[in-house]
Number of protein chains: 2
Amino acid sequence: MQGGGSELNERKKLILKAIIEAHVKEGEPVGSKYLTQNKQIALSSATIRNEMAELESLGYLEQPYTSAGRVPSESGYRFYVNSLMQKYRMSQNELARMNALAKSRLAEIDRLLESATRLAAGLTNYTSIAIKPKQSTGVITKFKTVLLDKHLFMLVMIDGTGNIKTRQITSDEEISEETLSRLEEELNLKIANKRVDEITVSLVMEIERNFGAGEGIVSSVIKTVCETLGEPEGGDLKMAGVNHLLEYPEFSDAREFKELLGVLEEKRDILKLVSDSDLDEDGPQVLIGSENVLEEMKNSTMVFQKIKSGGKVVGAIGIIGPRRMDYSKVISTVEYIAQNISLMLNSSLSLPEAFGEDEN
Amino acid sequence: MQGGGSELNERKKLILKAIIEAHVKEGEPVGSKYLTQNKQIALSSATIRNEMAELESLGYLEQPYTSAGRVPSESGYRFYVNSLMQKYRMSQNELARMNALAKSRLAEIDRLLESATRLAAGLTNYTSIAIKPKQSTGVITKFKTVLLDKHLFMLVMIDGTGNIKTRQITSDEEISEETLSRLEEELNLKIANKRVDEITVSLVMEIERNFGAGEGIVSSVIKTVCETLGEPEGGDLKMAGVNHLLEYPEFSDAREFKELLGVLEEKRDILKLVSDSDLDEDGPQVLIGSENVLEEMKNSTMVFQKIKSGGKVVGAIGIIGPRRMDYSKVISTVEYIAQNISLMLNSSLSLPEAFGEDEN
DNA sequence: TTTTAGCACTCAAGGTTGTTGAGTGCTAAC
DNA sequence: GTTAGCACTCAACAACCTTGAGTGCTAAAA
């Protein structure tokens with residue numbers, strides 16, 4: 001609400017920071033007396049109370065009810081994240097686990113993201129998501145085919161961003177290597193680099209004419225291509241560590257948890273949330289409580305960072321947890337993992353020796 | 001634990017059936033008085049009490065505490081499933097939704113299973129899982145390669161059961177079409193149809209020697225192949241509708257739910273559970289409570305059915321819910337979906353015209 | 001002017017107690 | 001074999017009290 005919080009003097013900042021960190025740790029409203037234990041704050045409880053009252057009127061703290069302790073408000077967390085928080089220092093153990101991911105040398109973004117989610121969930125004890133957005137180019141630049149069986153072949157589609165999709169297609173007629181390579185050629189000639197709305201019926205008919213026999217295959221293939229191009233909200237979302245959330249009392253209310261889980265399963269909304277976010281922002285992004293547009297997430301925080309490869313956003317990795325979250329640790333973890341993945345992707349295309357020369 | 005329950009007379013069966021159905025519907029222990037409302041049972045509450053007492057001593061019913069109503073025991077449910085239950089009749093609406101799946105014409109088992117899980121979860125209001133077991137042959141019968149980029153190619157592996165796996169492999173050296181097809185040839189010659197323990201170092205060295213330049217690629221490829229062959233518990237598990245479970249009071253205890261969720265996320269145990277089950281059993285299989293070996297599932301029921309294609313088990317689809325479950329509906333749904341998928345898979349290999357000749 | 005001690009006040013949490021009502025088992029009559 | 005009647009049990013609920021952490025305010029100390 002209010003500006004950057006520069007109106008706060010050092011003492012208020014110290015107290016606010018202490019309150020937030022205590023609350024994150026204990027999970028309960030923190031009172032003035034509790035803070036007097038903090039060696040950094042050499043004040044009586046009464047003085048602290050006065051400061052807390054002011055912090056509350058400034059909107060950084062809230063009181064669940066008269067004469068309970070104080071709890072950080074959304075703006076409190078926001079101010080903390082923006083100005084007060086110190087970077088979390090990874091432990092040796094944590095760094096080791098991260099490096100194991102880097103050494104795995106997974107080239108495929110999907111499998112890489114899957115490993116990354118598990119890692120993120122394991123390290124932070126929150127739920128982690130990995131997102132692969134719909135490829136944005138909207139065209140397929142190259143087709144490849146692989147004959148798998150007399151009646152089955154695989155269509156490999158590569159788009160401008162290097163995204164690769166495979167689909168298997170069956171045919172009731174027998175397919176020969178020769179037919180298939182003619183089909184491949186035809187596709188690369190006529191369909192490659194076309195947007196879905198440029199694939200007209202007459203174009204398809206032309207291919208079918210050129211192709212002669214087996215129009216059945218052509219129409220199956222075209223249908224598959226169009227489906228792939230136009231996949232409604234494309235993208236893919238993987239999750240890990242959903243069960244971690246149940247450790248936090250915030251989610252002990254089954255109804256609320258169910259709603260959040262519903263959103264996570266639905267995938268669509270989360271994908272939108274992430275892809276709507278600031279495209280140019282390179283670092284970790286933090287959506288606290290109602291900063292998430294989704295009603296169901298108003299009591300949760302989402303921290304995520306986009307993963308870029310060759311200048312394009314190819315994915316994102318994030319953490320979802322209660323508003324009361326160990327921001328310092330989570331943000332560092334997400335940032336570190338995302339950066340590493342970006343690095344791996346970029347280097348695996350051109351200079352894979354950047355990683356440990358030995359596996360295992 | 002006693003035998004098939006043939007010692008029960010008709011009246012006991014009627015009462016047991018009524019109790020189970022009432023309990024499934026209401027979710028609460030059912031008392032003798034409640035049952036007198038049932039027109040089929042024209043008895044006084046006292047008589048019903050006597051019968052209930054006998055059913056309890058036979059092990060089919062349980063009393064949560066003195067003078068609450070009765071609740072079906074595990075054997076009670078088991079007897080119900082084996083002998084009392086009538087088949088659920090699908091509504092028009094439900095049949096329509098099933099048919100939509102059949103019309104989607106998804107050839108790939110993965111995508112088909114994913115759609116099927118969502119459907120099953122939606123129809124039953126429980127959590128649904130789809131399982132693709134580790135391919136059992138343990139060998140790859142055919143390799144294919146597709147060049148995707150100067151430094152990137154795709155390795156397609158087909159195993160005996162028609163299972164197809166793709167992996168992308170990068171190389172720091174440039175790859176030509178020609179090198180790649182030589183690699184493919186070499187793989188099909190030397191590695192195809194070999195078990196993972198038959199791929200010896202000397203064999204690999206031989207390939208590298210034959211292959212001349214670019215040994216880097218060979219070793220990456222072999223590593224990938226071995227990984228694929230030896231994937232610890234292979235298999236894949238998809239879930240849908242996890243949030244449905246939270247609607248049932250059985251899962252309002254967060255701790256217990258967390259454990260179940262943990263098992264579901266772990267995947268490994270569930271895969272084992274299903275693959276350990278009776279291989280020859282073609283119909284739906286029902287594991288009630290502690291019939292599941294997993295401790296975490298002792299309060300849940302799992303209903304699943306294997307999906308066969310060409311005589312082999314290629315997957316399974318199942319439902320997980322509380323022990324108090326609408327068995328009739330769930331079993332029918334699982335059975336129907338599994339049968340349909342089997343049908344689709346078998347027909348799409350040979351006679352795809354079995355399905356509606358028109359899409360949409 | 002700032003800080004602190006003291007005090008009255010508030011209110012959630014948790015314990016105790018009593019009431020209610022659904023349900024049972026047993027017995028005696030039908 | 002079935003039923004009505006009755007005494008008994010026990011979870012669920014509500015009413016009540018106690019406790020204690022925490023507050024705001026005021027007046028005195030620094």
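To be clear, the structure that these remarks concern was listed above.
A brief report on the enclosed structure follows.

## Some thoughts on the protein's contact with DNA strand C
Okay, so step 1: Close contacts around DNA strand C come from 19 residues, with R11(A), T47(A), S67(A), S32(B) and R70(B) the closest.
Okay, so step 2: Each atom of DNA strand C within 4 Å of the protein was classed as base or backbone; sugar and phosphate made up 75%.
Okay, so step 3: Backbone polar atom of S44(A) to a phosphate oxygen of DNA strand C: 3.2 Å apart, as the coordinates give it.
Okay, so step 4: Residue R70(B) places a side-chain N or O atom 2.9 Å away from a phosphate oxygen belonging to DNA strand C.
Okay, so step 5: Ranked by residue count, the leading element in the surface near DNA strand C is helix α3 (residues 45-57) of chain A, at four residues.
Okay, so step 6: Of the residues assigned to the surface near DNA strand C, the class counts are five nonpolar, 10 polar and four charged.

## Considering the protein's contact with DNA strand D
Okay, so step 1: Taken together, 19 residues lie around DNA strand D, and S32(A), R70(A), R11(B), T47(B) and S67(B) are the ones closest in.
Okay, so step 2: Counting only atoms of DNA strand D within 4 Å of the protein, the fraction found in sugar and phosphate groups is 80%.
Okay, so step 3: One nitrogen or oxygen atom from the side chain of R70(A) is found 3.0 Å from a phosphate oxygen belonging to DNA strand D.
Okay, so step 4: Within the backbone of S44(B), a nitrogen or oxygen atom sits 3.3 Å from a phosphate oxygen of DNA strand D.
Okay, so step 5: Broken down by secondary-structure element, the contributors of at least two residues to the surface near DNA strand D are α3 of chain A together with α3 (45-57) of chain B.
Okay, so step 6: Ranked by residues supplied to the surface near DNA strand D, first place goes to α3(B) with four residues.
Okay, so step 7: A breakdown of the residues in the surface near DNA strand D according to their chemical character gives five nonpolar, 10 polar and four charged.

## A few points about the relation of the copies chain B and chain A
Okay, so step 1: In screw terms, the move from chain B to chain A is a rotation of 180° and a rise of 0.1 Å along the axis, fitting with an RMSD of 0.2 Å. Expressed as a symmetry operation, the mapping of one chain copy onto the other fits a two-fold axis.
Okay, so step 2: Of the interface residues in chain B, 100% have counterparts in chain A that sit at the interface too, so the contact is made through matching surfaces.

## Digging into the pattern of salt bridges
Residue and element names in this part refer to chain A.
Okay, so step 1: This model, assessed by the stated rule, comprises 50 salt bridges over all chains.
Okay, so step 2: The residue R11 makes a salt bridge to E51 at a minimum N-O spacing of 2.6 Å. Separated by 40 residues along the polypeptide, R11 in helix α1 (residues 10-26) and E51 in helix α3 bring together distant segments of the chain.
Okay, so step 3: Of the charged contacts in the structure, one is a salt bridge between E114 and R118, with a shortest N-O distance of 4.0 Å. In this pair, E114 and R118 both sit in helix α6 (residues 109-124), four residues apart, roughly one turn of the helix.
Okay, so step 4: Connected via shared salt-bridge partners are R11, K12, E51 and E54.

## Focus on the interface of chain B and chain A
Okay, so step 1: Contact residues are listed per partner, giving 43 residues for chain B and 43 residues for chain A.
Okay, so step 2: Interface area, chain B with chain A, both sides summed: about 3,900 Å², of which 55% is carbon and sulfur.
Okay, so step 3: Taken together, the links from chain B to chain A amount to four salt bridges.
Okay, so step 4: The salt bridge partner of K258(B) is E247(A), with a shortest N-O separation of 3.2 Å.
Okay, so step 5: Linking chain B with chain A are 10 residue pairs in polar contact (both at pLDDT 80 or more).
Okay, so step 6: Of all the secondary structure elements, the ones that give two or more residues to the side of chain B that touches chain A are α6 (109-124), β4 (140-149), β5 (152-159), β6 (164-170), α9 (215-229), α10 (254-266) and α12 (327-350) of chain B.
Okay, so step 7: At six residues, α10(B) tops the list of elements feeding residues into the side of chain B that touches chain A.

## As for unusual backbone geometry
Okay, so step 1: Positive phi outside glycine occurs at N193(A), with the angle close to 65°.
Okay, so step 2: If you trace the backbone, N193(A) turns up in the loop between α7 (177-190) and α8 (201-211).

## A word on the sheet that holds strand β6 (residues 164-170) of chain A
Residue and element names in this part refer to chain A.
Okay, so step 1: Read across the sheet, three strands follow the order β4-β5-β6 without closing on themselves; strand pairing throughout is antiparallel. Looking at the sheet topology across the chains shown, the edges are occupied by β4 (140-149) and β6. Each strand of the sheet is rotated relative to its neighbour by a mean of 20°, with strand direction disregarded.
Okay, so step 2: Relative to β4, α7 is tilted by about 170°, and along the sheet it contacts β4 and β5 (152-159).

Cut-offs and rules
- Residues numbered from 1 in each chain as written.
- Chains lettered and ligands numbered in written order.
- Predicted model: local features only at pLDDT ≥ 70, side-chain atom pairs only at ≥ 80, totals over all residues.
- Heavy atoms only, no water.
- Near = heavy atom within 4 Å.
- Polar contact = N/O pair within 3.5 Å; in protein donor to acceptor, adjacent residues only side chain to side chain.
- Helix = DSSP H or I, 4+ residues; strand = E, 2+ residues; numbered from the N terminus.
- Nonpolar A, V, L, I, M, F, W, Y, C, P; charged D, E, K, R; others polar.
- Least-squares fit on C-alpha atoms with pLDDT ≥ 70 in both.
- Contact = heavy atoms within 4.5 Å.
- Salt bridge = Lys/Arg side-chain N within 4 Å of Asp/Glu carboxyl O.
- Buried area = accessible area lost by both parts, 1.4 Å probe.
- Pairing = 2+ DSSP bridges.
- Axes fitted to C-alpha atoms, helices over the stretch in contact; angles between N-to-C directions.

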